[in-house]
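# What the coordinates show
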Amino acid sequence: MKKFLLMILLVCTNCALYAASSTIIKGKVVDASTRQNIDYADVFVSDLNDNVIASGMVVEGSFSIENVPAGEVFVMIRMLGYDPYISEKLSLSEGETIDLGIISIQELATGLSEVTVTGEKNQIVYKLDRQRISGSTAVGASGGTAVDILANTPSVQIDADGGLTFRGSSNFLVYVDGKLSPLSGTQALQQIPAASVEDIELITTPSARYRAEGDVGIINITTKRTSGNGWSGMFNASAGTLGTWTGDALMNYRTGKHTFYAGGTATNIMGKSNFQQKKRTVVDDFTTTSESDGSRFSENRSFIGKAGWQFNDGKHHNLSLDLQSGQTKFTRGGDMRYDELRLKGTEIINDATYISHDRYQLKKNLFQAALTWNWKINEKSDFSALSRFRYDWYSLEYTESNMFDLSGKRYEGTRGYEEEHHWDCDFTATYRNHYRPTGNFESGYFYSTYSEDGEYNIKYWDRKKEQFEWQKDLHAPFYYRRQIHALYAMVNDKFGNFEFDAGLRAERVIDLVIITVPGGSLDKKRLDLFPSAHLSYNLGKGGIFTLGYSRRTNRPGIWQTEPYITYEDYYTRKIGSTDIRPEFINSAELNYRNSFEGGHSISIGGFYRHRKDVVDWVRIAYEPGVTLDKNVNAGRQIERGMEFSGVAKATRWWTTTLNGSLYQYDFKAEYEGTTDSDGFTYQLGWINSITLGKNTRVQFDGHFIGPKSLTQGEEHGYAYFNLSFRQQFFKGKLALAAVANDVFHTAKYYNRRTTTGLNSETWVRPKYPNILFSLSYIFNAGGKHSSSTSSGALFEGKEF
């Protein structure tokens, strides 16, 4: 009790001393090349031990930090895409005001950061057309991946299969340091260690300079970077109770105008859940009721190596070469007990119990190379070119279903093989002209081509022969190619407190599919226009309004057009359709945010989306006891939502953040088997970061997911809570962390689907406990450790 009272006394004394300080540090920040004001850069004041003792933000090119404790300090300024600024050592006296004058910061090269600080950046910073999320704000984030950093962002949800969705959609593009990732969606994010992430940008209404795919936009990840000569590096490792483990290393060497790096990442992210399902199907005169009980799992394993070189003469030319190669393997499956009752009219045809083992695996060997050239022609114009080539020299998609009776004798079984090769390359050329100090004109050309060449084979179990037999009539060789030619132009400028950009993109798409399945081939061409516009108004004193609009599309990929049946398990099958049309989305959003002294901030915004030809999986009764999921254009949908985020620094040792989103939609059915529906759901996240000492932090967060309606049913809401702990050593270079996911074991998932001839209910609950441990070490490289350990799938198997 005496120690507790003494601790309270010390905290109160420190707070009183802090409040008594009135020292002020101020200055202005501009771009070293354009001399334009910099907005929303982070400003840190640190002591001689690299501990952050005060912080602020650059607004309208200026910053002023009050109540800085007296003593010897450094000032550091960090901004996405710019070289960090570090001041000379400053000696501050009580009540003194120091003006640092005009500070110029310069764009920098990709690599590792060199500055180490201990403190907190702003979790989310907003720019004209995007949000920027710091890679170092979540203690529930060391040893993990980019998915874990995004998990505490408004409208971001880790769904029941561990996939990341934003504003209810998983259709987004992933870029790493401005280059398209060789992987896609959640899998791309899971390959990027959280400790190597500097910042993540959410571009929710992308401008015309970006590809038009992805209805909710683009996720761009900026990795840490170097600013000084010599060696730097980082090493991270983690392991968890469910079998998850990760490891990564990156070495960076900079000498003069040249920078070299090499590294690798190995991940094995596991998701495990208990699973129950009830299905009732009516096909012709057959009524089948089945109940399943067991467990489902997912395993996302990858080994990726990377290397690169960059040249920057500091004047006119910047050239970089990036190489990646490795193997990825995604596996999911289930081990279930099935009780089946089948009636023909009132007559019992089958009343039996089976044991099922199903597996799905997607394995790829991949290589990607990217070459970038930036040329500063003169003070008013520049040119850039990017060429990227990717080749998957081996890709195998394998499905397996097995049904046994209780004696162990095989009852049914399938083996499906889709073996293929992938080619993917693109080229972008961009010209920019700074026609006045605050105005820019930009135009460019884009070309991409993607090809797949492979074949599909399947074999069924023959009960009489007691062996698997190839189904030659279902053998399907195929060739798929998509080419895109695009031109775009856009302008951005600033007049007083107003800033805007506007652009138009035209894309010519050529799709070709050649396949032996009758009616499966296609040859389509189309031309589409994609306008965009953004406007912001600075209210002063940290307040700003932004308005954005963008037209987007979701074009069906080859896997969505495959006109043959694949197996999830014996009772659940899937098929694509060559008749499926692209989905087009018109998105608009309005946001307000403000930052206040003392580390407080608030943001609130609303968004609107109109989706035409919504692409969705529709489940129908296919055979007695068997359902078929078909990819279709289900209808039209209008979506409205509101997002909010508030950060309050309650004390010097406690920061609390409340994130939330409200989402409402109206769906109009245009496909048989779907019905009109409307729904409302919500999502809340409460994140508490507590500093127990100079190098010790704890984070406790709660997540509340509201119920929602589906095109064929509903999902119930659920809640879960995570507890994280991080301890740093050796001035923050070594960090140890532990994360307990779903610490109270409250996460429970329920799904109900109803349509003609089908009624199904699904219950999923994650395996428990799910505790993860991580270690991270950096040398001659900075950036705070971002302490998050990847939890894998929250629920596994909800799609069944």
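Note that the structure is predicted; figures quoted are calculated from it, not measured.

Calculation rules
Residues numbered from 1 in each chain as written. Predicted model: local features only at pLDDT ≥ 70, side-chain atom pairs only at ≥ 80, totals over all residues. Heavy atoms only, no water. Phe/Tyr/Trp six-rings, centres within 6.5 Å; stacked < 30°, edge-to-face > 60°. Helix = DSSP H or I, 4+ residues; strand = E, 2+ residues; numbered from the N terminus. Buried < 20%, exposed > 50% of the residue type's maximum accessible area, 1.4 Å probe, protein only. Lys NZ or Arg CZ within 6 Å of the ring centre and 35° of its normal. Pairing = 2+ DSSP bridges. Axes fitted to C-alpha atoms, helices over the stretch in contact; angles between N-to-C directions. pLDDT = per-residue confidence, 0-100. Contact = heavy atoms within 4.5 Å. Patch = residues over 30% accessible without salt bridge, like charges linked within 9 Å, V, L, I, M, F, W, Y side chains within 5 Å. Areas by Shrake-Rupley, 256 points an atom, 1.4 Å probe, with all protein chains shown as cover. Salt bridge = Lys/Arg side-chain N within 4 Å of Asp/Glu carboxyl O. Core = buried A, V, L, I, M, F, W, Y, C linked by side-chain atoms within 4.5 Å. Polar contact = N/O pair within 3.5 Å; in protein donor to acceptor, adjacent residues only side chain to side chain.

Moving on: the packing of aromatic side chains. Evaluated as defined, the whole model comprises 23 aromatic pairs. Relative to Y411, the ring of Y354 has its centre 4.5 Å away and its plane inclined at 25°; by these criteria the two rings are stacked. Note that Y354 is positioned in strand β22 (residues 347-376) and Y411 in strand β24 (residues 410-436), a separation of 57 residues in sequence. Of the residues examined, Y354 reaches a relative accessible area of 4% and is grouped as buried. Y411 sits in the partly exposed class, given a relative accessible area of 24%. Taken together through their ring pairs, the aromatic side chains of F700, F704, F721 and F744 make up a single cluster. Cation over ring: R410 sits above W461, and NZ or CZ is 5.1 Å from the ring centre. Above the ring of W617, the side-chain terminus of K574 is found at 4.7 Å from the ring centroid.

The next point concerns the sheet that holds strand β1 (residues 23-31). One open sheet holds the 3 strands; their spatial order is β4-β1-β8, and the pairing between them is mixed. Bordering the open sheet on either side are β4 (62-68) and β8 (97-105), each of which pairs with just one other strand. Neighbouring strand axes in the sheet, compared pairwise and without regard to direction, differ in orientation by 20° on average.

Confidence in the prediction for the chain averages 83 pLDDT; 88% of positions are at 70 or higher. In the model, residues 782-795 has pLDDT below 50 throughout and makes 104 contacts with residues more than four positions away in sequence or in other chains.

Time to look at a nonpolar patch on the surface. Together, F495, F498, L535, L539, F545, L547 and L590 line one region of the surface with nonpolar side chains, adding up to about 640 Å² of accessible area. Listed by contribution, the elements that provide at least two residues to the nonpolar patch are β29 (522-540) and β30 (543-554). Following the sequence through the fold, F545 ends up in strand β30. For F545, a relative accessible area of 37% gives the class partly exposed.

A separate point is unusual backbone geometry. Note the cis peptide between Y768 and P769, where omega equals 0°. Checked against the element boundaries, P769 lands in the loop between β44 (758-766) and β45 (770-779). Positive phi, close to 55°, is recorded for D284, a residue that is not glycine. Inspection of the secondary structure puts D284 in the loop between β19 (258-283) and β20 (286-312).

If you look at the biggest cluster of nonpolar residues, it comprises 24 residues, and the most contacted ones within it are L150, L164, F172, L189, I200, I219 and I221. Put simply, the parts of the chain that give this core at least two residues each are α2 (146-150), β11 (156-158), β12 (164-166), α3 (185-190), β15 (197-203) and β16 (218-223). The element that contributes the greatest number of residues to this core is α2, accounting for 4 residues. Ignoring any residue separated from it by four or fewer positions in sequence, one finds L150 in contact with I133, V156, L164, L189, I200, L202 and I219. I38, A54, V68 and M79 belong to the second-largest nonpolar core, a separate cluster that totals 22 residues.

With that settled, the discussion passes to the environment of G243. On the secondary structure map, G243 appears in the loop between β17 (230-240) and β18 (245-255). Put simply, G243 and G271 are 28 residues apart on the chain and 8.7 Å apart in space, counted from C-alpha to C-alpha. Discounting chain neighbours no more than four positions away, the residues touching G243 are N268 and M270.

A word on the side chain of T627. Tracing the chain through its elements places T627 in strand β35 (residues 626-651). A distance of 3.0 Å separates the side chain of T627 from the side chain of K279, its partner in a polar contact. For T627, the contacting residues outside a window of four places in its chain are K279, T281, Y571, T572, R573, R619, I620, Y622 and L758.

Across the 7 residues that make up β15, a large majority, 7, are buried. Summarising the sheet, strand β10 (residues 131-134) and β15 pair through 4 bridges and their orientation is antiparallel. Following the sheet pairing, I133 is matched in β15 by I200. Note: β15 against β16, 6 bridges, orientation antiparallel. Opposite I200, over in β16, you have I221 as the bridge partner.

Now for the environment of H703. Relative to the helices and strands, H703 resides in strand β38 (residues 696-705). Classification of H703 by relative accessible area gives buried; the value is 6%. Measuring from C-alpha to C-alpha, the distance between H703 and A747 comes to 9.7 Å, with 44 residues separating the pair along the chain. Excluding residues that lie within four positions of it along the chain, H703 makes contacts with A151, N152, L684, G685, Y718, A719, Y720 and N722. Polar contacts involving the side chain of H703 include one to the side chain of D701, which spans 2.8 Å.

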